[in-house]
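# Architecture at a glance
Residue strings, one per chain:
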Amino acid sequence: MLPGALQASPSPADNTVQNPAGAAPGTPKPVGLKPPSEETIFGRDLLRDGFAGTIAFQRASGKGVEITRLSLAGEEISHPGVQCRVDVVADDPIQTRLAGKPNGISRYEVEIAACPFSFDVLEGAVIVTRVPPTCDFPAADCRAVPAGLWGPPGNSFGPDQVKQLERERGHAESSMRTGFHALLVKAGKDKVAIKKMAGEQAGFSSEREVICRNYMGEEVHGFCALRITQARALALQTAFEERTNLQTGSAKTTTKRAVAKQKPVPNLNSDSQQTPLPGSGPH
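Residues numbered from 1 in each chain as written. Predicted model: local features only at pLDDT ≥ 70, side-chain atom pairs only at ≥ 80, totals over all residues. Heavy atoms only, no water.

### Digging into the overall build of the protein chain
A tally of helices and strands in the protein chain yields 5 helices and 12 strands. For the protein chain, the proportion of its 283 residues judged to be buried stands at 40%. Across the protein chain, every contact between residues at least 6 apart in sequence was considered, and the portion connecting residues at least 24 apart equals 59%. (Helix = DSSP H or I, 4+ residues; strand = E, 2+ residues; numbered from the N terminus. Buried < 20%, exposed > 50% of the residue type's maximum accessible area, 1.4 Å probe, protein only. Contact = heavy atoms within 4.5 Å.)

Next comes the structure, spelled out in C-alpha cells:
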C-alpha cells in the first residue's frame, strides 16, 4: 500500500445520523483549500512517474501557460519493450488553452496533432489525461505515453523533504475526510447522491495506487500520493460548494414563489375599486 493510503471511511448512514442535514451552525464544512498556482510548475523539468520523459512550462503573455520542452517516453511500435523517446517541441513553445477548473484545479488543453492531451495543475506537478493514454509517432517508430503524474525526479527528495511530505500527507488526508463528511451531510436524504459519493470515495484509494505505483521512490517519499490526495480534497470541496449554491438557488426560488402566493389579489368586482366608464353615470 502506498504512503498515505486511505483508512476505511465511516458509512454514509453514520455520517448523516451524527450530522443531520439542515443542522444548525455546527454543520461540517470543508477546510477552505486553495487551488495550486501555476507558478509552482514554471522553470523546472517535470518527469512522468519521476523518471520518464520531460515537460517544462513558462508563463505566456496574457497570463497563459506554454510548454517550452516536451519529450515523451515510450516503446518502439515495431519492437514492444524497447524504449524510445520523442522530442515534440521544435522551435516555438507549445501553446495551451485554459479549460476552467472542473474539480477546483486549473485544467489546460494542449492541441498537438499527433498527441492532444489535457493536464491539471498540482503543486509542483501536473497530471496529464489522455484517452487513449498512448500516442503513436510512426515516423519515430515510437508509441509514447503522456498520461500520468509528472513531477520532480523520484530520487531528488532528501530526508528533510520526505519528513515534510509525510506531515503534509497527514493534513491532506484529514482535509479529504472532512470534505467527504461535509458533502455527505450536505446531500441530506438524497440517497442516490449519497450512494454515488460513497462509491467514488471507496474507489479513490485504488485509483490513486494505479496512478502512483510506478512513480520512482514512491514507497519512500509518497509525493505522488500526496498530490493526488490534495487534488481529491479540492474536488470534494468544489462539489460541496456547487451543491450549496444549487440548494441556495432553489431555496431563493421557493421563497419568491411563496411570497408571490401571499400577495393579496385585487378584487376587481368591488364597487369601490371599479372605475366608472365615461357616460355611465345616472341619467
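After that view of the structure, there is still more to cover.
### Section: the pairing of strand S3 (residues 65–76)
Examined bridge by bridge, strand S2 (residues 52–59) and S3 share 6 bridges and lie antiparallel to one another. The residue bridging Ile 55 from the neighbouring strand is Leu 70, located in S3. Here S2 hands over to S3 after 5 residues, with Gly 62 in that stretch at a positive phi of 75°. Inspection of the sheet shows S3 paired to strand S5 (residues 94–95) by 2 bridges, in the antiparallel sense. Bridge assignment links Glu 66 to a residue of S5, and that residue is Gln 95. Where S3 lies against strand S4 (residues 83–87), 5 bridges are found, and the strand directions are antiparallel. In the strand pairing of S4, Leu 72 is matched with Val 86. Count of turn residues in the S3/S4 antiparallel hairpin: 6 residues, of which Gly 81 carries a positive phi of about 100°. In this sheet, strand S11 (residues 142–144) lies alongside S3 in antiparallel orientation, the contact comprising 3 bridges. (Pairing = 2+ DSSP bridges.)

### Focus on the pattern of salt bridges
This structure, assessed with the given rule, holds 9 salt bridges. A salt bridge links Arg 143 to Asp 136, with the shortest nitrogen-to-oxygen separation between them at 2.6 Å. The exposure class assigned to Arg 143 is partly exposed, which follows from its relative accessible area of 37%. Two residues, Glu 200 and Lys 196, come together in a salt bridge whose shortest N-O distance is 2.7 Å. Remark: Lys 196 and Glu 200 occur in helix H3 (residues 191–212); sequence separation between them is 4 residues, near one turn of the helix. (Salt bridge = Lys/Arg side-chain N within 4 Å of Asp/Glu carboxyl O.)

### Brief notes about the packing of helix H2 (residues 159–187) against H3
Contact geometry of H2 with H3 gives a least axis separation of 9 Å together with a crossing angle of 160°. Judged on the interaxial angle alone, H3 and H2 are roughly antiparallel. The hand of the H2/H3 crossing is right-handed. Residues Glu 173, Met 176, Phe 180, Leu 183, Leu 184 and Ala 187 of H2 pack against Ala 193, Ile 194, Met 197, Ala 198, Gln 201, Phe 204 and Arg 208 of H3. Residues of the contact of H2 with H3, tallied by class, amount to 10 nonpolar, 1 polar and 2 charged. (Axes fitted to C-alpha atoms, helices over the stretch in contact; angles between N-to-C directions. Parallel < 35°, antiparallel > 145°, perpendicular 65-115°, else oblique. Left-handed = near helix turned anticlockwise from the far one by under 90°. Nonpolar A, V, L, I, M, F, W, Y, C, P; charged D, E, K, R; others polar.)

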